[in-house]
Amino acid sequence: ALMKRLLALPFDQNPELISMSINAIEVMMQAGKHAEAAAHSEALAARPKNYASPFGMMWIWGGAACAYSLLGKPDKAKPWLVKLKAGEKDNGAALTRALLCANELDAAAALLVRRLGGPDASDVLVAVQDYQLVGKGPANLTELEHRWAAVLARPEVKAAIARHGRILKLPLARSYYGAF
């Protein structure tokens, strides 16, 4: 309710709220409110001036792609995935998550290998760690965990990780919606 009140404030007078508005997508996704997340993402993307950086736009587009994928509406997710793939260099994590949501595991694995060879390799290494304190969420969260594990188990991904580091078991928690 508090977030909805914040989001009702006009962007032109409160441009700093763009981050909160993008984070709201994640909150909706974690709450299993995928239709609401998709609608919010689309509304943000359609704003003529929303103050989002290219990095932030990727999270917005990723929110729509992921929400529609998890709603079983791949036709509505597809245009967002096209935008994300075109903007890969702006935010590989948003694209990775969207590919997992769309169950495009081959593309997700290939992207992880590219990212591990690029400038955000250290961020990718943080994301691939085995975080032990993962709480139970909606049913689709478990499915994303399985998809993520399947991508990490691929030989080409294991080899790319081994070139840059290793996976440790860490007694920490992580959200599966924004960590990739």
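What this report covers is the structure whose coordinates are included nearby. These numbers come from a predicted model, not from an experiment. (Residues numbered from 1 in each chain as written. Predicted model: local features only at pLDDT ≥ 70, side-chain atom pairs only at ≥ 80, totals over all residues. Heavy atoms only, no water.)

The next subject is the packing of aromatic side chains. Under the counting rule described, the total for this entry stands at one aromatic pair. When the ring of Phe 55 is compared with that of Trp 59, the centres are 6.3 Å apart and the planes differ by 80 degrees; the resulting orientation is edge-to-face. With Phe 55 and Trp 59 both in helix α4 (residues 54-70) and four residues apart, the pair spans about one turn of that helix. (Phe/Tyr/Trp six-rings, centres within 6.5 Å; stacked < 30°, edge-to-face > 60°. Helix = DSSP H or I, 4+ residues; strand = E, 2+ residues; numbered from the N terminus.)

What follows covers the pattern of salt bridges. Side chains that carry opposite charge are capable of pairing whenever their charged atoms lie near each other. Under the definition given, this model contains eight salt bridges. Between Lys 4 and Glu 36 there is a salt bridge, with the nearest N and O atoms lying 3.5 Å from each other. Taken together, the residues span a long stretch of sequence, with Lys 4 in helix α1 (residues 2-7) and Glu 36 in helix α3 (residues 34-46) at a distance of 32 residues. Look at Lys 4 and you get exposed, because its relative accessible area is 55%. Here Lys 89 makes a salt bridge to Asp 90, at a shortest N to O gap of 3.4 Å. (Salt bridge = Lys/Arg side-chain N within 4 Å of Asp/Glu carboxyl O. Buried < 20%, exposed > 50% of the residue type's maximum accessible area, 1.4 Å probe, protein only.)

Right, let's get into the side chain of Asn 91. Mapped onto the fold, Asn 91 is located in the loop between α5 (74-86) and α6 (92-101). Here the side chain of Asn 91 touches Phe 55 through a polar contact of 3.1 Å, landing on its backbone oxygen. With residues up to four places along the chain from it excluded, the contact list for Asn 91 reads Phe 55, Met 58 and Trp 59. (Polar contact = N/O pair within 3.5 Å; in protein donor to acceptor, adjacent residues only side chain to side chain. Contact = heavy atoms within 4.5 Å.)

Before going further, it helps to spend a moment on the packing of α4 against α5. At a closest axis distance of 8 Å, the pairing of α4 and α5 adopts a crossing angle of 155 degrees. Our classification of the angle between α4 and α5 gives roughly antiparallel. Relative to α5, the crossing made by α4 is left-handed. Every residue of α5 that contacts α4 at Met 58, Trp 61, Gly 62, Ala 64, Ala 65, Tyr 68 and Ser 69 is listed here: Pro 74, Lys 76, Ala 77, Trp 80, Leu 81, Lys 83 and Leu 84. Residue composition of the contact of α4 with α5, grouped by class: 10 nonpolar, two polar and two charged. (Axes fitted to C-alpha atoms, helices over the stretch in contact; angles between N-to-C directions. Parallel < 35°, antiparallel > 145°, perpendicular 65-115°, else oblique. Left-handed = near helix turned anticlockwise from the far one by under 90°. Nonpolar A, V, L, I, M, F, W, Y, C, P; charged D, E, K, R; others polar.)

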